[in-house]
Amino acid sequence: MKKVISTMLAVVMTAMMLMGCGSGNDSGSKSGSDSGSSETSKGNVHVFYYTYGDTFVSTVRTALDAKLDEMGIKYTDYDGNTNQQTQTEQVQTALTSGANLLVVNLVETGSDDAAYTIVNAAKEKDVPVIFFNREVSDEVVNSYDKCSFIGSLAEEAGQMQGKMIGEYLVENFDSVDLNGDGKISYAMFKGQEGNKDAAYRTQYSVEEADKILTEAGKETLSFYDDSNKNKYQVDQDGAWSAKAAQDYMATALGKYNNDNMIELVICNNDGMAEGAIAALQTVGYNKEGGDKNIPVFGVDATEAAKSLIERGIMVGTIKQDADKVAEVITLIMNNGLAGNEALDGITEYPIDEGVTKIRIPYQVYLSE
């Protein structure tokens, strides 16, 4: 947003006029409409998303855009389209064009290379970098005094999801055990290889559920396909997509032609849960008001997932709070634009010891 101070001729009065510009393109520059401080009004913030196609990330984008508009911050959004080279080039272009703060939802988190490339480029320009949602290492954050990270603890989502699943199964074991063999056969849909959140959600959801089942004297979970030693199926495009889960689920159902083959579905996110449900519905399961259901669990608490849960089509999810992520981004952003320490005045959220990482707690979401 640009502020223009107009001095009225022959009058002592001075008026402030706010001017905004916008773009209909997905990666176009935008300006907010009102009320930036003298620090924030000079903002030229560039926000990089790993993909617009991720439901949760899209929710964060909507929330953050709204906050930046309200605050009068000039910003530009970019779609990395799950391609790290594309995102890195976008960052380099933004820095060349005069960006004075970067907000990055990194594409590639399997190694530190991409994160270091972005941090080093920003450091050369003395530009603050805020990573969010997709974890970067402590070493990356500590390599630059103007670097920070906002996200949730990767293992927490898997642990909470597993506890939710285990408790549900103990309470409903006989109805879930469709073939009466005394164990629950499950499918697992993983969002991305090399991603810490995906790895921990995949690991801990099963471990925590097994712990609760064992304590209740039940058999541990059994992956439906003995030939799959990984005990999961992963979105090969790294997009955590509904389509990947739907395709995997449809193939499994078609290949085995056995309604009892899969008795439980665990998904790394709600988008994949939606895809799995779509495939189940084609064979008569998980229809609203129907009497045939396979319990499906996700992560994110998207609006679509919450609707599915309230309608009895999906059992539960773990909430990531997109609004709080956007809120903390703006708090750190204001500090960065004002030349303050990243964490100045931020006391509401847990902060990792020895590194500028703020954690947004997860929450269990079940139907009321």
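Basis of the calculations
- Residues numbered from 1 in each chain as written.
- Predicted model: local features only at pLDDT ≥ 70, side-chain atom pairs only at ≥ 80, totals over all residues.
- Heavy atoms only, no water.
- pLDDT = per-residue confidence, 0-100.
- Contact = heavy atoms within 4.5 Å.
- Helix = DSSP H or I, 4+ residues; strand = E, 2+ residues; numbered from the N terminus.
- Expected span 1.5 Å × (residues − 1).
- Salt bridge = Lys/Arg side-chain N within 4 Å of Asp/Glu carboxyl O.
- Buried < 20%, exposed > 50% of the residue type's maximum accessible area, 1.4 Å probe, protein only.
- Right-handed = clockwise from strand over helix to strand, strands pointing away.
- Pairing = 2+ DSSP bridges.
- Core = buried A, V, L, I, M, F, W, Y, C linked by side-chain atoms within 4.5 Å.
- Lys, Arg positive; Asp, Glu negative; His and termini not counted.
- Polar contact = N/O pair within 3.5 Å; in protein donor to acceptor, adjacent residues only side chain to side chain.
- Phe/Tyr/Trp six-rings, centres within 6.5 Å; stacked < 30°, edge-to-face > 60°.
- Lys NZ or Arg CZ within 6 Å of the ring centre and 35° of its normal.
- Axes fitted to C-alpha atoms, helices over the stretch in contact; angles between N-to-C directions.
- Parallel < 35°, antiparallel > 145°, perpendicular 65-115°, else oblique.
- Nonpolar A, V, L, I, M, F, W, Y, C, P; charged D, E, K, R; others polar.

Some remarks on the confidence of the model for the protein chain
- Taken as a whole, the protein chain shows an average pLDDT of 89; of its residues, 87% reach a score of 70 or greater.
- Contacts of residues 1-26 to residues separated by more than four positions or lying in other chains number 43 contacts, the stretch itself having pLDDT below 50.
- Predicted confidence is poor over residues 32-41, with pLDDT under 50, and the contacts of this stretch with residues over four places away or in other chains come to 31 contacts.

So, helix 3 (residues 113-125)
- Taking 1.5 Å per residue, 13 residues should reach 18 Å; helix 3 reaches 19 Å between its end C-alpha atoms and fits that length.
- In the segment just after helix 3, Asp126 is the residue with positive phi, at about 60°.

Brief notes about the pattern of salt bridges
- Following the criterion strictly, the structure yields 13 salt bridges and no others.
- We note a salt bridge from Asp77 to Arg61, for which the minimum N-O separation is 3.2 Å. Placement of the pair is Asp77 in strand 5 (residues 74-79) and Arg61 in helix 1 (residues 55-71), with a sequence separation of 16 residues.
- For Asp247, the salt bridge identified is with Lys243, shortest N-O distance 2.7 Å. Remark: Lys243 and Asp247 occur in helix 7 (residues 242-256); sequence separation between them is four residues, near one turn of the helix.
- Owing to a relative accessible area of 56%, Lys243 belongs among the exposed residues under this scheme.

Some words on the pairing of strand 4 (residues 44-49)
- By the criterion of burial, strand 4 is predominantly enclosed, with six of the six residues buried.
- Of the two faces of strand 4, the one holding Asn44, His46 and Phe48 and the one holding Val45, Val47 and Tyr49 are both buried throughout.
- Tracing the backbone out of strand 4, into helix 1 and back to the parallel element strand 5 gives a crossover that is right-handed.
- In terms of strand pairing, strand 4 meets strand 6 (residues 101-104) through four bridges, oriented parallel. The residue of strand 6 that forms the bridge with His46 is Leu102.

As for the nonpolar core
- If you look at the biggest cluster of nonpolar residues, it comprises 49 residues, and the most contacted ones within it are Phe189, Leu221, Met249, Leu264 and Val265.
- Only helix 5 (154-176), strand 9 (185-190), helix 6 (196-215), helix 7, strand 12 (264-267), helix 8 (270-282), strand 13 (296-297) and helix 9 (303-310) provide two or more residues apiece to this core.
- Other than its neighbours up to four places away in sequence, Met249 contacts Phe189, Ile262, Val265, Ala276, Ala279 and Leu280.
- Among the nonpolar cores identified, the runner-up in size contains 35 residues, and Val57, Val328, Ile346 and Ile358 belong to it.

Details of the environment of Val170
- In this structure, Val170 sits in helix 5.
- As a C-alpha pair, Val170 and Ala216 span 46 residues in sequence and 7.0 Å in three-dimensional space.
- The residues touching Val170, leaving out its near neighbours within four places in the chain, are Ile212, Leu213 and Ala216.

Regarding the side chain of Arg201
- By the secondary structure assignment, Arg201 is in helix 6.
- As a buried residue without a salt bridge, Arg201 has its nearest oppositely charged side chain in Asp197, at a separation of 4.2 Å.
- One polar contact links Arg201 to Tyr362, side chain to side chain, over a distance of 3.2 Å.
- Each residue touching Arg201, except ones within four places of it in the same chain, is listed here: Ala157, Gly158, Gln161, Trp240, Asn268, Asn269, Val299, Asp300, Gln320 and Tyr362.

Quick notes on the packing of aromatic side chains
- Summed over the entire model, instances satisfying the criterion amount to eight aromatic pairs.
- Arranged with centres 6.0 Å apart and planes meeting at 80°, the rings of Tyr49 and Phe132 form a pair that is edge-to-face. Of this pair, Tyr49 sits in strand 4 while Phe132 sits in strand 7 (residues 129-132); the two residues are 83 residues apart in sequence, bridging distant segments of the chain. Comparing Tyr49 with Phe132 shows no difference in burial state: the two are buried.
- With 5.5 Å between their ring centres and 70° between their planes, Tyr200 and Tyr204 make a pair best called edge-to-face. Taken together, the residues Tyr200 and Tyr204, both in helix 6 and four residues apart, mark about one turn of the helix.
- Taking relative accessible area as the criterion, Tyr200 reaches 26% and is therefore assigned partly exposed.
- Put simply, the rings of Tyr49, Tyr52 and Phe132 pair up and form one aromatic cluster.
- Lying across the ring of Tyr285, Lys292 places its NZ or CZ 4.6 Å from the centre.
- Its end group placed over the ring of Phe149, Lys357 keeps NZ or CZ at 5.6 Å from the ring centre.

Observations regarding the packing of helix 2 (residues 84-96) against helix 3
- Close contact between helix 2 and helix 3 brings their axes to 10 Å; oriented N to C, the two are set at 5°. Between helix 2 and helix 3, the angle is such that the two are roughly parallel. Judged by residue contacts, Gln84, Gln87, Thr88, Val91 and Leu95 of helix 2 engage Ala114, Thr117, Ile118, Ala121, Ala122 and Lys125 from helix 3.
- In terms of residue class, the contact of helix 2 with helix 3 is built from six nonpolar, four polar and one charged.

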